[in-house]
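Commentary on secondary and tertiary structure
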Amino acid sequence: MAGHRKILIIGGGAAGITVAASLRRRGIGGIAIVEPSDTHYYQPAFTLVGAGIYDLAKTRRSTDSLIPSGVARIKAAASAFDPESNSVTLSNGDKITYDYLVVCTGLKLDWDKVEGLADALGHDGVCSNYSPQHVTYTWDCIKALKPGSRAVFTQPPLPFKCPGAPQKIVYLTVDDLKRRGIRDQVEVEYYVHAPVIFGVPFFARQLAKIAEACGVKLSYQHNLVAVDSPAKTAIFEIVGGEKQGQRVTVPYDMLHVSPPQSPPDAIKSSPLANTAGWVEVNQNSMQHVRYANVFSLGDVASSPNSKTAAAVRKQAPVVVRNILGLMRGAAIENGYDGYASCPLTTANGKAIIAEFVYGGKVTPTLPLLDPGKQRRLSWWIKTSFLPVLYWSYMLKGYEWFPKHNTAFKEPVA
Ligand code: FAD
């Protein structure tokens, strides 16, 4: 079956629903969202679910319940893109043509890039907050830690979604061990692919101090390459320094894996992709660099921001304004500055809200407060305010929000 849509949105996750809702608020019709999954997750709360602090059911809603009224949902996946003929082929064989295309399929969790990981996940101590199917098992693993145990956490190569997610669960695990009075009797080790703990130096300095205070053994430039589940060992390759290329075998009782992440296959093989496989957009306008009527945002876009729902919240209005501008022949707006926000849960009850733009510039939204400090207020924002902002504001197409402060001056280190 063929069809035509004025605006075709591929992917009904955080980005797809937000863009559709914003367009509807402006009275635009002829919109369809192509989305294969019947379940939509609020992924930012997975960290809390894994730490036993939040109910998985509260992260889940039916996709249909979120599709804005007046928008059609096509239950299929996009399998091929032909931007020269303004058409997309779906997994069911249908071909849809469009006037404007918005690509927001998110990214692919590449479990198979680590030998043995896909089979190991979900039993015998191997868990991941990145998997909705296994996120509650993280909490089972934390609860099972006992004196003499070794808990190992990994951070994959960039890019991956939520720059803080691999380490937030480290601090929440430490907090649980402290509460149970066994912190000193459990080894906690964090193996990071990058040479730093966080990509923004201001926050990296604070986080390195917090990791040290938590007694976390940090190993940089270590990449998880294999999991031997029967032997309960993780194998890392050293990716920098004098020992580059050497492998180390680390025994574990609990292994929390943040998996390697890649562009979805349908995007990678399409003319929309850059050489790395991501949808090639201008990083400020989110417009495709070769196809003027194509936009992309969220995790699948090539823009070098941190892949977060917070970034989506700031990208979506830019995409919407640019599509409407194109319709009336106006100039393209370069309105996205790379904003991302990552609430780093440093303990159960405390967080640092890391907000920054391109170039690692710190840009807090809350005035007067030192953005590098752990606070109970930031924890409340993460656990209570942001879920409401997501479900009832962002996904409903509301856009107004206090601006982040781009004139903020970092205190001298
Ligand atoms: P998604 O929300 O993943 O949606 C993509 C959609 O596209 C999915 O519904 C999928 O089914 C669909 N799709 C896939 N392929 C196709 C196809 N071929 N055709 C059609 N549809 C397709 N962000 C924050 O801001 N703060 C946080 O604290 C935070 N913490 C996180 C913690 C974890 C553990 C994880 C996993 C993520 C976290 N994030 C956080 C990141 C945030 O969830 C993502 O950046 C955000 O969901 C990206 O939105 P998206 O629409 O691009 O992708």
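Residues numbered from 1 in each chain as written. Predicted model: local features only at pLDDT ≥ 70, side-chain atom pairs only at ≥ 80, totals over all residues.

In this sheet, strand β15 (residues 233–238) lies alongside strand β14 (residues 222–228) in antiparallel orientation, the contact comprising six bridges. Residue Asp-228 lies in a different strand from β15, and its bridge partner there is Thr-233. (Pairing = 2+ DSSP bridges. Helix = DSSP H or I, 4+ residues; strand = E, 2+ residues; numbered from the N terminus.)

Quick look at the sheet that holds strand β16 (residues 247–251) now. The strand order across the open sheet formed by three strands is β14-β15-β16, and the pairing between neighbours is antiparallel. The open sheet has two edge strands, β14 and β16, and neither has a second partner. Across the sheet, the mean angle separating the axes of adjacent strands is 30 degrees when strand polarity is ignored. (Axes fitted to C-alpha atoms, helices over the stretch in contact; angles between N-to-C directions.)

A sheet is described by the order of its strands in space; here five strands give the open sequence β10-β17-β11-β12-β13, paired in parallel fashion. Pairing within the sheet leaves two strands with one partner each, and these edge strands are β10 (126–127) and β13 (217–219). Strand direction decides the pairing type here: strand β11 (residues 150–155) and strand β17 (residues 254–256), joined by three bridges, are parallel. Counterpart to Phe-153 in the pairing with β17 is His-256.

Two numbers describe a pair of packed helices, the interaxial angle and the distance between the axes. In the contact formed by helix α1 (residues 14–25) and helix α9 (residues 309–327), the axes pass within 9 Å of each other and the chain directions differ by 35 degrees. In this structure, α1 meets α9 at a crossing whose hand is right-handed. Of α9, the residues touching α1 (which contributes Ala-14, Ala-15, Thr-18, Val-19, Ser-22 and Leu-23) are Ala-309, Val-312, Ala-316, Pro-317, Val-319 and Val-320. In the contact of α1 with α9, the residues fall into 10 nonpolar, two polar and no charged. (Left-handed = near helix turned anticlockwise from the far one by under 90°. Contact = placed C-beta atoms within 7 Å. Nonpolar A, V, L, I, M, F, W, Y, C, P; charged D, E, K, R; others polar.)

The subject of this paragraph is the site of the ligand. By nearness alone, 38 residues border the ligand, and Gly-11, Gly-13, Gln-43, Gly-106 and Gly-298 come closest of all. Elements supplying a minimum of two residues to the shell around the ligand: α1, α2 (46–50), α9 and β20 (340–347). For the shell around the ligand, the residue count by class is 21 nonpolar, 13 polar and four charged. A domain-level breakdown of the shell around the ligand finds at least three residues from each of domain 1 (2–42 + 60–108 + 262–327) and domain 2 (110–261). (Near = placed C-beta within 6 Å. Domains from an automatic or database assignment.)

Let us look at helix α5 (residues 135–144). Where α5 is concerned, the buried positions are Val-135, Tyr-137, Thr-138, Trp-139, Cys-141 and Ile-142. Buried-residue contacts for α5 involve α2, β10, α6 (165–179) and β17. (Buried ≥ 20, exposed ≤ 12 C-beta atoms within 10 Å, placed from the backbone.)

Turning our attention to the environment of Pro-411. With respect to the helices, strands and loops of the structure, Pro-411 is situated in the segment after α10 (376–394). Residue Pro-411 is classed as exposed on the basis of its 9 C-beta neighbours within 10 Å. Separated by 375 residues in sequence, Pro-411 and Pro-36 place their C-alpha atoms 47 Å apart.

Parsing the protein chain into structural domains produces domain 1 (2–42 + 60–108 + 262–327) and domain 2 (110–261). The C-alpha centroid of domain 2 is placed 32 Å from the C-alpha centroid of domain 1. On the domain 2 side, the residues contacting the eight residues of domain 1 number eight residues.

Secondary-structure assignment places Thr-136 in helix α5. Residues Thr-136 and Gly-122, spaced 14 residues apart in sequence, show a C-alpha to C-alpha distance of 9.4 Å. Thr-136 has contacts with Val-49 and Leu-56, leaving out every residue within four places of it along the chain.

Let us look at α9. For α9, built from 19 residues, the straight-helix expectation of 27 Å at 1.5 Å per residue is met to within 8% by its first-to-last C-alpha distance of 27 Å. Within α9, the axis deviates most sharply at Gln-315, by approximately 30 degrees, and proline Pro-317 lies no more than four positions further along. Downstream of α9 by a residue or two, Gly-329 has a phi angle that is positive, lying close to 80 degrees. (Expected span 1.5 Å × (residues − 1). Bend = angle between axes of the 7 residues up to and from the residue.)

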